[in-house]
Amino acid sequence: MTVPAREPGRPTLLFSSQFLSVDEAGDLVQKLQSSPSEAATVGRGGDYAVRADIRRTRRITVGQPWASVVAGRLDEWKERLASHFGERLTVRQEPQFLGYSAGDFFHPHQDCGALATDPPFLLKRRVSVVVLLNPGDYDGGLLTLHNVPTPGSRLPLPGKAGRLIGFPSWLVHEVTPLSRGERFSIACWYESDAPLVR
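Residues numbered from 1 in each chain as written. Predicted model: local features only at pLDDT ≥ 70, side-chain atom pairs only at ≥ 80, totals over all residues. Heavy atoms only, no water.

## Brief notes about the packing of helix α1 (residues 22-33) against helix α2 (residues 66-85)
For any two helices packed against each other, one specifies the crossing angle of their axes together with the interaxial distance. It is the contact of α1 with α2, at a shortest axis distance of 12 Å, that shows an interaxial angle of 135°. When the axis of α1 is compared with that of α2, the two are oblique. The interaxial crossing formed by α1 with α2 has left-handed handedness. In contact with Glu24, Asp27, Leu28 and Lys31 of α1, α2 contributes Trp66, Val70 and Arg73. Split into classes, the residues belonging to the contact of α1 with α2 amount to three nonpolar, no polar and four charged. (Axes fitted to C-alpha atoms, helices over the stretch in contact; angles between N-to-C directions. Helix = DSSP H or I, 4+ residues; strand = E, 2+ residues; numbered from the N terminus. Parallel < 35°, antiparallel > 145°, perpendicular 65-115°, else oblique. Left-handed = near helix turned anticlockwise from the far one by under 90°. Contact = heavy atoms within 4.5 Å. Nonpolar A, V, L, I, M, F, W, Y, C, P; charged D, E, K, R; others polar.)

## Description of the sheet that holds strand β6 (residues 55-56)
Spatially, β6-β10-β16-β13-β14 is the arrangement adopted by the five strands of the open sheet, whose pairing is antiparallel. Looking at strand neighbours, the two that pair on one side only are β6 and β14 (154-157), the edges of this open sheet. Examined bridge by bridge, strand β13 (residues 143-146) and β14 share four bridges and lie antiparallel to one another. Along β14, the bridge assignment pairs leucine 145 with leucine 155. (Pairing = 2+ DSSP bridges.)

## Describing the pattern of salt bridges
Summed over the entire model, instances satisfying the criterion amount to seven salt bridges. Between arginine 92 and aspartate 75 there is a salt bridge, with its nearest N and O atoms 2.6 Å apart. In this pair, arginine 92 is assigned in strand β8 (residues 89-92) and aspartate 75 in helix α2, connecting sequence segments 17 residues apart. Here arginine 92 falls in the buried class, since its relative accessible area comes to 17%. Given a relative accessible area of 43%, aspartate 75 falls into the partly exposed group. (Salt bridge = Lys/Arg side-chain N within 4 Å of Asp/Glu carboxyl O. Buried < 20%, exposed > 50% of the residue type's maximum accessible area, 1.4 Å probe, protein only.)

## Some details on α2
Under the 1.5 Å per step criterion, the end-to-end length of α2 is 27 Å for 20 residues, consistent within 8% with the ideal 28 Å. Within α2, the axis deviates most sharply at lysine 78, by approximately 35°. (Expected span 1.5 Å × (residues − 1). Bend = angle between axes of the 7 residues up to and from the residue.)

## Remarks on the environment of phenylalanine 106
With respect to the secondary-structure elements, phenylalanine 106 resides in strand β10 (residues 105-109). Here phenylalanine 106 falls in the buried class, since its relative accessible area comes to 12%. Taking the C-alpha atoms as reference, phenylalanine 106 lies 10.0 Å from leucine 178; in sequence the two are 72 residues apart. When neighbours within four sequence positions are excluded, phenylalanine 106 is seen to be in contact with Val42, Ile54, Arg55, Tyr100, Glu174 and Val175.

Listed below in structure tokens is the structure:
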């Protein structure tokens, strides 16, 4: 079921449990656990590097058929996301498959660029999507949206296998430190050539 969350003057969110089935999410987690990975990077102004003080997680290289399965599902969602968020979405960026272990986190941040020196792929981001793959069998590691539903508040989202969460790329969010277990997710972004409106 797709559940839109709309409030006048507030970010518009989209939740769906239909991106992957529970069985599909479980199979993908097993694949990710045995796939090669490297430390994920952060950057601004076109410079990217591992910054363990800001982001500590692993970017996982997943092979076929999962790379194509996930890419296809994300393409199918583009028009639905464009309609829901009122954006003229053009390009889907490559998804990132991410793994978090105990102690990993991602400090509060925005997904879209804010500086003129940021690369175009950051400046064009309009809609962010996170797909949670674990059924919450870990402690901490919560995707937490800031200023939702009211300014100054936080909305923590527990793990639910196959759950898609869509939100504007300018919305500040974080992944809280993981204290036990492993957390797996997919992150992806959709671009627009239209001016950014917040």
